Amino acid sequence: MKIRQFNNLYQITFLPNIFPINCFVLEQKENLICIDMGTGKFVNEIKQMTDQTGKPLSKLILTHAHGDHVSGVPYFKEVFPDVPVGISRRDNYLLKKDFRLRAGEPEKPIKGGFPKSDILIDFTFEEGDKVDTLEVISSPGHTPGSVSFFEPEHQILIVGDAFQTKGGVAVSGVLKWLFPFPKAATWDKETAVKSAVKLLACNPKLLAVGHGNVLVNPEEQMRKAIKKAEAGVGK
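Since the model is a prediction, treat every value here as computed from it, not as a measurement.

Criteria and thresholds
- Residues numbered from 1 in each chain as written.
- Predicted model: local features only at pLDDT ≥ 70, side-chain atom pairs only at ≥ 80, totals over all residues.
- Heavy atoms only, no water.
- Helix = DSSP H or I, 4+ residues; strand = E, 2+ residues; numbered from the N terminus.
- Polar contact = N/O pair within 3.5 Å; in protein donor to acceptor, adjacent residues only side chain to side chain.
- Pairing = 2+ DSSP bridges.
- Contact = heavy atoms within 4.5 Å.
- Axes fitted to C-alpha atoms, helices over the stretch in contact; angles between N-to-C directions.
- Parallel < 35°, antiparallel > 145°, perpendicular 65-115°, else oblique.
- Left-handed = near helix turned anticlockwise from the far one by under 90°.
- Disulfide = S-S within 2.5 Å.
- Core = buried A, V, L, I, M, F, W, Y, C linked by side-chain atoms within 4.5 Å.
- Buried < 20%, exposed > 50% of the residue type's maximum accessible area, 1.4 Å probe, protein only.

**Some thoughts on the environment of Ser146**
Right, on to step 1. One can find Ser146 in the loop between β9 (134-138) and β10 (147-151).
Right, on to step 2. Residues Ser146 and Leu60 lie 86 residues apart in sequence; the distance between their C-alpha atoms is 15 Å.
Right, on to step 3. Side-chain polar atoms of Ser146 contact the side chain of Thr143, separated by 2.6 Å.

Rendered as structure tokens:
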């Protein structure tokens, strides 16, 4: 397990050199908020953070429904039974094993691995909502209901798999041979590119992704990744 700190954001990484899975903890004035829970192995680290900071954990929020972002939720709820867990309204259907496409969604198969055990969700959110200090931004493409979270004070953007940095900076759906898994699990590449453009408009100072290192001052790298992704749409 590897932990790095960027301002008030903590990145916790499981298997950093093999198959990095990130969990993030944002320290707020009065509490902590956790983003993504791909394995229960994150839980003890988070418990230590609550002890060290003296601040309670307010919520766990999930960027999307793939197993490597939600599979640790059952153990999390054992340790933090009173902490509510949230996911987008759209991806909550995926956790309920409902993979039907909705009106207006591209007719593409929903890909990726989903947990076999039940993942109980306490609340849902959508574009325009706020969860504590974080603004919810709809950023579909990897899954139909993928979201990102933006903390405006420090311009921190937490995007799940809308971008990856492991194997090279890329928009979801673009193949990076050194780490091909986000591409393989992406539902609709064209939608993912549109979401990437939308996220760039946030002008982030920190880009936090599901797989790979946090990027500081990431805008130029995001632009290059978007340009490459746009060139590959339809191919």
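Next comes the rest of the description.
**Let's talk about the sheet that holds β9**
Sheets are built from strands paired through backbone hydrogen bonds, the pairs being either parallel or antiparallel.
Right, on to step 1. The strand order across the open sheet formed by six strands is β8-β9-β10-β11-β14-β15, and the pairing between neighbours is mixed. Each of the sheet's edge strands pairs with one partner strand only, and the pair in question is β8 (130-131) and β15 (215-216).
Right, on to step 2. Pairing analysis gives two bridges linking strand β14 (residues 206-208) to β15, with the strands arranged antiparallel. Bridging from a neighbouring strand, Leu207 pairs with Leu215 of β15.

**What about the environment of Ala208?**
Right, on to step 1. Looking at the element boundaries, Ala208 is found in strand β14.
Right, on to step 2. The spatial distance from the C-alpha of Ala208 to the C-alpha of Pro16 is 14 Å, given a sequence separation of 192 residues.
Right, on to step 3. Residues in contact with Ala208, not counting those within four places in the same chain, are Leu9, Phe24, Leu157, Ile158, Val159, Gly160 and Val214.

**As for the sheet that holds strand β4 (residues 32-35)**
Right, on to step 1. Pairing is mixed in the open sheet, where seven strands are placed in the order β1-β2-β3-β4-β5-β6-β7. A strand with exactly one partner marks an edge of an open sheet, and here the two such strands are β1 (2-6) and β7 (123-125). Across the sheet, the mean angle from the axis of one strand to that of its neighbour is 25°, orientation sign disregarded.
Right, on to step 2. By the bridge criterion, four bridges tie strand β3 (residues 21-27) to β4 in an arrangement that is antiparallel. Directly across from Leu26, in β4, lies its bridge partner Ile33.

**Considerations on the packing of helix α6 (residues 189-200) against helix α7 (residues 219-232)**
Right, on to step 1. Between α6 and α7, the shortest axis-to-axis distance is 10 Å and the interhelical angle comes to 155°. What the angle tells us is that α6 and α7 run roughly antiparallel. The handedness of the crossing between α6 and α7 comes out as left-handed. Taking contact as the criterion, the partners of Lys189, Val193, Ala196, Val197, Leu199 and Leu200 in α6 are, on α7, Glu219, Met222, Arg223, Ile226, Ala229, Glu230 and Gly232.

**So, the state of the cysteines**
Right, on to step 1. Enumeration over the complete set of coordinates arrives at zero disulfides.
Right, on to step 2. With no disulfide of its own, Cys23 has Cys34 as its nearest cysteine by sulfur position, at a separation of 3.5 Å.

**Concerning the pairing of β9**
Right, on to step 1. In terms of strand pairing, β8 meets β9 through two bridges, oriented antiparallel. The residue of β9 that forms the bridge with Lys130 is Glu135.
Right, on to step 2. Linking two consecutive strands that pair antiparallel, namely β8 and β9, is a turn of two residues; a positive phi of about 55° is found at Asp132 within it.
Right, on to step 3. Strand direction decides the pairing type here: β9 and β10, joined by four bridges, are antiparallel. If you follow Ile137 over to β10, its bridge partner there is Ser148.

**Focus on the nonpolar core**
Soluble globular proteins tend to bury their nonpolar side chains together.
Right, on to step 1. In this structure, Met37, Ile46 and Phe76 are the most contacted members of the largest nonpolar core, which totals 31 residues.
Right, on to step 2. Listed by contribution, the elements that provide at least two residues to this core are β2 (9-14), β3, β4, α1 (42-53), β5 (57-61), α3 (73-79), β6 (85-88) and α4 (89-95).
Right, on to step 3. The dominant element in this core, judged by the number of residues it contributes, is α1, at four residues.
Right, on to step 4. Contacts of Phe76, omitting those with residues within four sequence positions, involve Met37, Val43, Leu57, Leu60, Val83 and Val85.
Right, on to step 5. Membership of the second largest hydrophobic core comes to 23 residues, among which are Val159, Val169, Val171 and Ala229.

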